[in-house]
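Read off the chains here:
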Amino acid sequence: MKRFSLLFVILFLSFLGAGRAGAEDLDQPYAAKISEYTSEKFFLTELVDHLPRAKGVPTPLEYLGHIVGAPDILDYSRDIHGYMRALAKASPRVQVFTMGPTDQGKEMILVAVSSEANMARLGEIRESLRQLADPRKLNEAQADKLVLNGIPAYWLTGGLHSRENGSPEMLMELAYRIVAGESDWIRSIRSNAVVLITPILEVDGWDRAVDAYRYGKAHKGKQLIHLAYWGNYVMHDNNRDVIGMGLKLSRNVLNTYLQWHPQVLHDLHESIPFLYISAGTGPYNAWLDPITINEWEEMAAIEVTELTRRGIPGVWAHGFWDGWAPTYIEYAAIFHNSLGRFYETFGGIGADTQVRASGDQSKRAWYRPNPPFETIRWSFRNNINLQQSGVLVALKQVADNRQKYLRQFLLKSRRSVAKPGNEGPAAYVIAADGKRPLAAANLVNLLFSHGVEIHQLEKEAEIGVDKFAAGSYVIRMDQPYSRCADMLLDIQYYNPKDPKPYDDTGWTLGPLFNVKTARITSAAILEQPMKRLPAPVRISGSLEKAPGTTVFAVNHRAENELFSLRYALRDIRMRAAEKGFSVEGKRFNAGSLLIPLKGNPADLPRRLEKALQKFGLAAIGLAAMPDVASHEVDCPRIAIAHSWTYTQDDGWFRLAFEQLEIPYAYVSLQDIRDTPDLRRKYDCIILPPGLIVGNVQRLVNGITAGYPIPWQKTAATPNLGSPVSSADIRGGLELQGVLNLQRFVAAGGLFIPIASSCQLPIDYGFVESLAIGRPKELQAPGVILAATVSDAFSPVVYGYERDKPLAVYFNRGPVIETGIAASMGATSDDMREMGDVPGKPSGRGAPRDPDLAQGRPAKVEIKGGGTGMEGDIKEAFDMYLPRDLRTIRVLLRFDAAAKLLVSGLLENGEALANKAAVIDAPLGQGHILFFAINPMWRMETQGSIPLLLNAVLNYRNLQAGSAKPAAGK
Ligand SMILES: [Zn+2]
């Protein structure tokens with residue numbers, strides 16, 4: 001009996017602690033704190049309810065003075081990174097690598113944890129993963145050997161979103177646990193995998209979040225600092241940058257991926273309860289290898305099962321994010337045949353314990369049979385427990401099945417190489433048509449940064465009906481990263497009947513860069529003579545100076561570098577041609593720069609040549625000023641406005657301006673409020689989108705907290721106060737600011753509201769004959785649409801082809817109505833309700849046949865001219881018209897419904913068809929330029945940036961070429 005019960009006890013214990021080895025020396029005080037800080041027993045598992053001890057290796061408690069997940073405490077990056085380095089110092093099982101600096105110069109790190117044996121041959125493991133990533137050079141025996149002896153790498157990343165505070169803390173404890181644990185569970189992970197950890201992806205934002213949290217605690221929760229900035233540029237969109245690669249953190253992640261080739265990249269987020277695992281709702285991205293999708297499903301199913309089995313409620317998958325757009329950080333791995341995935345655990349405010357409501361996620365659904373409770377007392381440690389337990393399950397799964405995951409990685413790489421002979425296409429070609437060589441090179445270089453191989457045709461190639469000149473770029477699909485290139489260059493179709501998209505629906509880079517790309521299915525393209533290009537592609541600039549040159553001409557091809565050139569030579573006088581012209585057989589577009597020797601410094605040719613080489617532009621010396629009207633273009637002073645409520649979207653504008661080396665002032669709405677004479681300081685003020693959270697009156701009224709909210713660098717908040725600083729961020733634009741803006745325009749300034757910000761000058765009466773429509777049936781979320789130049793003389797469209805549609809980015813709205821009806825506040829929707837229906841009336845014939853009214857001649861001949869209204873009759877009539885009806889110019893229009901969609905989701909496009917995309921509204925001596933589209937979005941919309949910069953450069957002459965008089969003249 002006694003022996004039996006002892007056996008029973010042992011069996012029972014080993015059942016409970018499946019992962020624990022009896023020999024482990026445990027840290028009892030640490031375990032007691034874990035239990036104390038966990039709000040409900042069912043939020044604890046046997047994987048994380050204890051902490052092993054290992055001689056000489058510091059626990060988080062020993063290093064930090066508190067356990068991971070202790071209430072009310074967040075640690076700075078220097079302590080989190082410091083702890084990882086302390087582990088590396090104490091144990092041969094850990095090494096810390098630097099990934100490079102953030103946008104503000106802080107260090108990002110990569111921690112590698114594995115067994116001593118694996119760490120001793122880490123270089124060899126990395127090399128074997130690199131070889132598996134490119135199977136073209138492997139025969140079957142070599143590949144088998146690599147799989148047999150290989151060790152997969154699993155990369156965990158935390159702290160991308162600065163308001164999500166669990167993962168950087170959790171990853172310290174996880175690293176320790178893998179170093180110090182001696183359970184079978186941990187040993188298997190250590191021996192059969194390299195665990196890579198980046199505790200904080202957004203280091204700049206993390207330290208700000210810690211500052212703000214500690215400030216709140218120091219003021220006993222009565223005064224809180226609003227986390228106005230996360231990274232230097234953007235907030236949660238740091239998880240939408242992996243296509244455009246604008247942020248240093250994205251580049252560091254991508255480069256680190258390409259150095260290590262981990263089989264999994266697992267990014268840790270916090271939002272919905274209790275633990276959501278990233279298998280999506282669909283539609284899934286259609287360019288993924290189905291194996292990747294199966295791995296999403298399989299891994300999620302294992303984690304849900306394992307955690308549910310342990311009694312944790314509210315662990316689920318599907319039913320949230322869609323799986324469509326490839327903009328998230330884990331696509332750094334997915335683009336390259338690895339698995340990328342994420343968690344969302346229930347977060348909260350910093351390390352607070354709160355009673356939280358689960359909302360809709362507490363409902364049972366087919367994908368959530370065991371939902372979260374409606375309300376729960378939720379502790380920071382709960383969050384740590386769930387993240388860590390899930391991750392330990394995932395790590396064990398990959399470690400126990402290391403050969404399977406390596407073989408699948410190899411297989412996905414092989415299937416990417418086999419694309420041309422299987423699903424296709426064979427290649428994409430960027431034709432060397434000479435139209436926008438710099439834009440084409442920029443697109444090629446972006447693909448290079450993703451690891452894609454690029455070739456160049458050595459001779460002209462004829463593929464079916466297409467002819468491609470020598471020098472055309474070829475992106476072959478028989479390469480390991482073909483899937484990445486295919487995903488970025490192909491056209492997206494998102495069925496409107498599918499579940500609502502989580503983010504952008506179209507991202508096709510060719511149209512967004514205004515570069516023509518051809519999708520080639522014929523394998524003949526692969527047989528053409530071509531050479532592989534080294535990265536990056538550089539277009540060399542040149543200055544062609546014939547004897548007798550008096551003026552240099554730089555052609556305007558709607559490429560961004562032209563504007564960089566203008567600002568690089570600020571003291572040089574330049575003019576813009578108002579029409580296209582030809583000299584000596586060379587064609588120059590309207591807007592081309594004319595740079596005379598006369599009136600400029602004597603060293604102009606030398607300096608111009610240097611700048612041309614830097615930006616890859618060409619200038620040609622002409623004997624005389626061409627016979628074309630022109631106007632002076634100086635370097636206008638630009639201000640980008642920001643609110644303190646939401647700084648998300650203006651970051652993309654700042655980033656674009658900085659990459660083009662065009663200076664700007666970054667001014668708050670309060671600065672605008674407090675500067676009566678804005679015109680004295682600025683020439684152009686840009687109001688980026690995203691500033692209006694709620695209705696426009698809230699933007700005007702601003703933040704109204706009862707206590708001052710500083711955003712300043714102090715001893716207690718050393719990480720705040722950048723990129724801008726304020727002693728008190730309360731208030732907003734206020735009516736004073738609205739008036740200042742109006743005065744700014746009237747005094748000759750250019751005001752550029754973008755997308756949602758167009759509401760402000762419309763609602764506050766800067767203009768009269770514009771209105772914002774809200775067509776209920778239009779669905780156009782984050783989509784690429786076609787627009788056409790509708791006012792060929794405006795400087796805003798300089799460099800663009802007048803007869804070809806331009807692809808633009810549009811996100812849901814605004815739909816801007818123009819004309820008399822708009823001035824009465826009516827939109828097309830209202831008109832329809834009132835009886836006026838757009839398009840052909842119901843009547844005779846086929847849809848495109850002319851309509852015919854009965855009982856009158858079909859057509860009436862016009863004889864002679866009209867006399868019009870004259871004198872006081874006209875004046876009396878005009879009194880009732882909106883003052884700007886005749887002066888407003890629609891410069892760019894969305895295309896007709898049938899041609900509107902380029903890439904993404906569009907439903908009921910009729911509501912947007914032929915509506916204005918860019919509008920120039922003169923006011924007093926100045927202009928307001930309305931952008932219904934967003935020309936500076938996530939570094940992806942490179943092809944529409946010149947619309948904005950043309951307006952800036954020519955802000956004094958926006959009437960150039962217009963037959964219409966300016967208002968007030
Ligand atoms: Zn997040």
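Asks: So what about the sheet that holds strand β18 (residues 542-544)? Which residues, and what values?
Replies: Strand pairing in a sheet relies on backbone hydrogen bonds, with the paired strands running either antiparallel or parallel. Spatially, six strands are ordered β18-β24-β19-β23-β20-β25 in an open sheet, and the strand pairing comes out mixed. Both outer strands of the open sheet, β18 and β25 (630-632), are each paired with one neighbouring strand and no more. Taken pair by pair, the neighbouring strands of this sheet meet at an average axis angle of 25°, ignoring direction. Seen against the sheet, helix α21 (residues 604-615) touches β18, β19 (551-554), β23 (593-596) and β24 (618-622) and runs at an angle of roughly 140° to β18.

Asks: Any chance you could break down the coordination of the zinc ion for me, citing the residues and the numbers?
Replies: On the protein side, the zinc ion has H161 (ND1), E164 (OE), E164 (OE) and H269 (ND1) as donor atoms, found 2.1 to 2.4 Å from it. If you look at the zinc ion, its four donor atoms make angles of 56 to 150° with each other, and the shape they trace is irregular. Sequence spacing of the donor residues for the zinc ion, all on one chain, is H-x2-E-x104-H. Taken together, the residues E164 in the loop between β3 (153-157) and α8 (166-180) and H269 in strand β5 (residues 264-271) connect sequence positions 105 residues apart.

Asks: Describe in detail the pattern of salt bridges, supporting the description with residues and values.
Replies: Taken as a whole and judged by the stated rule, the model has 65 salt bridges. Among the salt bridges present, the one from K396 reaches D400, with a minimum N-O distance of 2.8 Å. On the criterion of helical spacing, the pair formed by K396 and D400 is a turn pair, its members being four residues apart in helix α14 (residues 380-400). A residue is classified by how much of its surface remains accessible, and K396, at 18% relative accessible area, is buried. On the basis of relative accessible area, D400 is assigned to the partly exposed category, the value being 42%. In this structure, E632 engages R575 in a salt bridge whose closest nitrogen and oxygen atoms are separated by 3.5 Å. With E632 in strand β25 and R575 in strand β20 (residues 575-577), the pair connects residues that are 57 residues apart, well separated along the chain.

Asks: A description of the pairing of β24 should follow, citing residues and the corresponding values.
Replies: The buried fraction of β24 amounts to four of the five residues, a majority that puts the element mostly inside the structure. Bridge count between β18 and β24: three bridges; the pairing is parallel. Along β24, the bridge assignment pairs L543 with A619. Bridge count for β19 against β24 is four bridges, and the pairing is antiparallel. Looking at β24, one finds that V551 is bridged to L622.

Asks: Provide a residue-level description of helix α22 (residues 650-659), including the pertinent values.
Replies: For the α-helix, the turn length of 3.6 residues means that residues three or four positions removed from each other point alike. The buried fraction of α22 is high, at eight of ten residues. What α22 keeps buried is the set D650, G651, W652, F653, R654, L655, A656 and F657. For α22, the secondary structure elements touched by its buried residues are β26 (638-642), β27 (665-668), β28 (684-687) and α32 (945-953).

Conventions we followed
Residues numbered from 1 in each chain as written. Predicted model: local features only at pLDDT ≥ 70, side-chain atom pairs only at ≥ 80, totals over all residues. Heavy atoms only, no water. Pairing = 2+ DSSP bridges. Helix = DSSP H or I, 4+ residues; strand = E, 2+ residues; numbered from the N terminus. Axes fitted to C-alpha atoms, helices over the stretch in contact; angles between N-to-C directions. Contact = heavy atoms within 4.5 Å. Donors = N, O, S within 2.8 Å, 3.2 Å for Na, K, Ca; no water. Tetrahedral: all angles 85-135°; square planar, octahedral: opposite > 155°, others 65-115°. Salt bridge = Lys/Arg side-chain N within 4 Å of Asp/Glu carboxyl O. Buried < 20%, exposed > 50% of the residue type's maximum accessible area, 1.4 Å probe, protein only.

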